[in-house]
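# Observations on the three-dimensional arrangement
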Amino acid sequence: MTDARADAWTDAGAAADRIGVEVVELSTAGELAECSALLQRVWRAGHPAEIASASMLRTYVHSGNYVSGAYRGAALIGASVGFFGRDGERWHLHSHLAGVERAGHGKGVGHALKLHQRAWTLARGISEVHWTYDPLILRNAYFNLRKLGAEAVEYLPEFYGAMTDGINSGELTDRILVVWHLDRPHPAAADRPGAVPLVSRGPDGRPQVHEVPDSAGVLAVAVPEDAEHLRAVDRDAALAWRVAVRDALMGRISAGHRITGMTRDGHYLLERAQ
């Protein structure tokens with residue numbers, strides 16, 4: 001094992017130790033059933049097959065893919081599932097699912113799972129992890145782009161089509177595809193306070209779209225502070241945010257910009273591609 005791979009395992013172990021969890025691969029029927037049940041709870045799904053049944057997870061594990069869990073004592077509090085994919089001749093791990101019990105949100109469990117996934121993937125000679133996430137969920141955008149340093153590479157409108165779990169049912173399933181380059185230093189975080197607002201938060205909680213000249217430098221596209229709560233209390237406002245963010249990001253990406261980060265207060269940063 002190279003020094004980089006050994007260091008990745010050291011980093012993963014240290015992250016887990018700091019928060020008092022153990023992240024391990026899952027393989028037995030009991031472990032995979034527990035993993036499936038956790039993911040069902042996280043997504044508020046009515047049936048395990050809506051997210052990941054134990055039998056499907058067993059197939060993933062048997063064929064050499066990635067299923068891991070984070071334990072605090074004997075309790076499974078987080079899980080991550082991925083499978084191998086390929087872009088042309090280049091292989092990557094596609095991180096399909098990652099979920100943490102609500103009590104563990106913001107406590108570093110997701111970070112510990114990701115660092116374990118990074119070490120596991122590097123140990124197999126693969127240097128990229130890909131995944132998608134809902135562009136309106138601020139905590140996920142910040143975690144992916146700012147904390148992990150993943151690169152947003154594509155906006156995918158209605159990627160999954162209609163879904164039936166408790167989180168996504170009745171929603172447009174737009175996603176952003178990110179690539180996590182495991183063998184590169186993470187970019188330095190910068191909020192860019194001089195960014196020109198393209199979409200901002202209006203006083204009524206709805207999006208405000210601004211006319212911005214093509215000559216503008218760094219652009220900022222806001223997302224709602226809590227999109228999941230907004231969906232529950234005002235579906236019209238949630239839809240307005242979906243459309244405004246989709247139009248802004250897709251429009252500017254097609255015009256030659258790229259997403260370069262997410263600010264602490266919930267704004268995507270876009271800069272013209274070099």
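Right above here is the structure, for reference.
I will try to describe carefully the structure that is included in this document.

Rules behind the numbers
Residues numbered from 1 in each chain as written. Predicted model: local features only at pLDDT ≥ 70, side-chain atom pairs only at ≥ 80, totals over all residues. Heavy atoms only, no water. Axes fitted to C-alpha atoms, helices over the stretch in contact; angles between N-to-C directions. Helix = DSSP H or I, 4+ residues; strand = E, 2+ residues; numbered from the N terminus. Parallel < 35°, antiparallel > 145°, perpendicular 65-115°, else oblique. Left-handed = near helix turned anticlockwise from the far one by under 90°. Contact = heavy atoms within 4.5 Å. Nonpolar A, V, L, I, M, F, W, Y, C, P; charged D, E, K, R; others polar. 1 Å grid on protein atoms, 1.4 Å probe; cavity = no way out; pocket = protein on both sides within 12 Å on 5 of 7 lines; lining within 4 Å. Points joined across faces, edges and corners; volume = space filled by probe spheres on them. Core = buried A, V, L, I, M, F, W, Y, C linked by side-chain atoms within 4.5 Å. Buried < 20%, exposed > 50% of the residue type's maximum accessible area, 1.4 Å probe, protein only. Expected span 1.5 Å × (residues − 1). Pairing = 2+ DSSP bridges.

## Some points on the packing of helix α2 (residues 29-42) against helix α3 (residues 54-62)
Remark: α2 packs on α3, axes separated minimally by 8 Å, with the N-to-C direction vectors making an angle of 120°. Judged on the interaxial angle alone, α3 and α2 are oblique. For the crossing formed where α2 meets α3, the hand is right-handed. Residues L32, A33, C35 and S36 of α2 form the contact with α3, whose participating residues are A54, L57, R58 and V61. Partitioning the contact of α2 with α3 into residue classes produces 6 nonpolar, 1 polar and 1 charged.

## Digging into the layout of surface pockets
Space inside the largest pocket adds up to approximately 1,300 Å³. If you go around the largest pocket, you meet 45 residues; those closest to its centre are W43, A98, G99, R139 and N140. Elements represented by at least two residues in the lining of the largest pocket include exactly α2, β4 (90-100), α4 (109-123), β5 (128-133), α5 (138-147) and α6 (227-233). Element by element, the count of residues in the lining of the largest pocket is highest for β4, at 7 residues. A per-class count over the lining of the largest pocket returns 16 nonpolar, 15 polar and 14 charged.

## Describing the packing of helix α1 (residues 3-18) against α4
Contact geometry for α1 and α4: axes closest at 8 Å, N-to-C directions at 160°. As summarised for this structure, α1 and α4 are arranged roughly antiparallel, according to the angle between their axes. When the axes of α1 and α4 are compared, the crossing they make is left-handed. Contacts between α1 and α4 involve R5, A8, W9, D11, A12, A15 and A16 on the former and, on the latter, A112, L115, H116, R118, A119, W120, L122 and A123. Taken together, the residues of the contact of α1 with α4 break down into 11 nonpolar, 1 polar and 3 charged.

## Let's talk about the nonpolar core
In this structure, I176, V221, L249 and Y268 are the most contacted members of the largest nonpolar core, which totals 46 residues. The element best represented in this core is helix α7 (residues 235-254), accounting for 7 residues. Excluding residues within four positions of it along the chain, I176 makes contact with W131, T132, Y133, P135, A152, E154, Y155, L249, I259 and Y268. Counting residues in each nonpolar core, the second largest holds 20 residues, with L38, V42, L57 and V61 among its members.

## Section: the environment of E151
With respect to the helices and strands, E151 occurs in strand β6 (residues 151-156). A relative accessible area of 32% places E151 in the partly exposed class. Between the C-alpha atoms of E151 and D7, which are 144 residues apart in sequence, the distance is 22 Å. Once you skip the residues sitting within four places of it in the chain, E151 turns out to touch L177, V178, V179 and H181.

## Looking at α2
A rise of 1.5 Å per residue sets the reference length of α2, with its 14 residues, at 20 Å; its end C-alpha atoms lie 20 Å apart and thus fit the reference within 8%. Listed as buried for α2 are L32, C35, S36, L38, L39, Q40 and V42. Among the structural elements, α3, β2 (66-72), β3 (75-87) and β4 are those in contact with the buried residues of α2.

## Quick notes on the pairing of β5
Among the 6 residues that make up β5, 6 are buried, leaving the element largely enclosed by the rest of the structure. The side-chain alternation of β5 yields two buried faces, one formed by E128, H130 and T132 and the other by V129, W131 and Y133. Both β5 and strand β7 (residues 175-181) contribute to a ladder of 6 bridges, which runs antiparallel. Looking at β7, one finds that H130 is bridged to V179.

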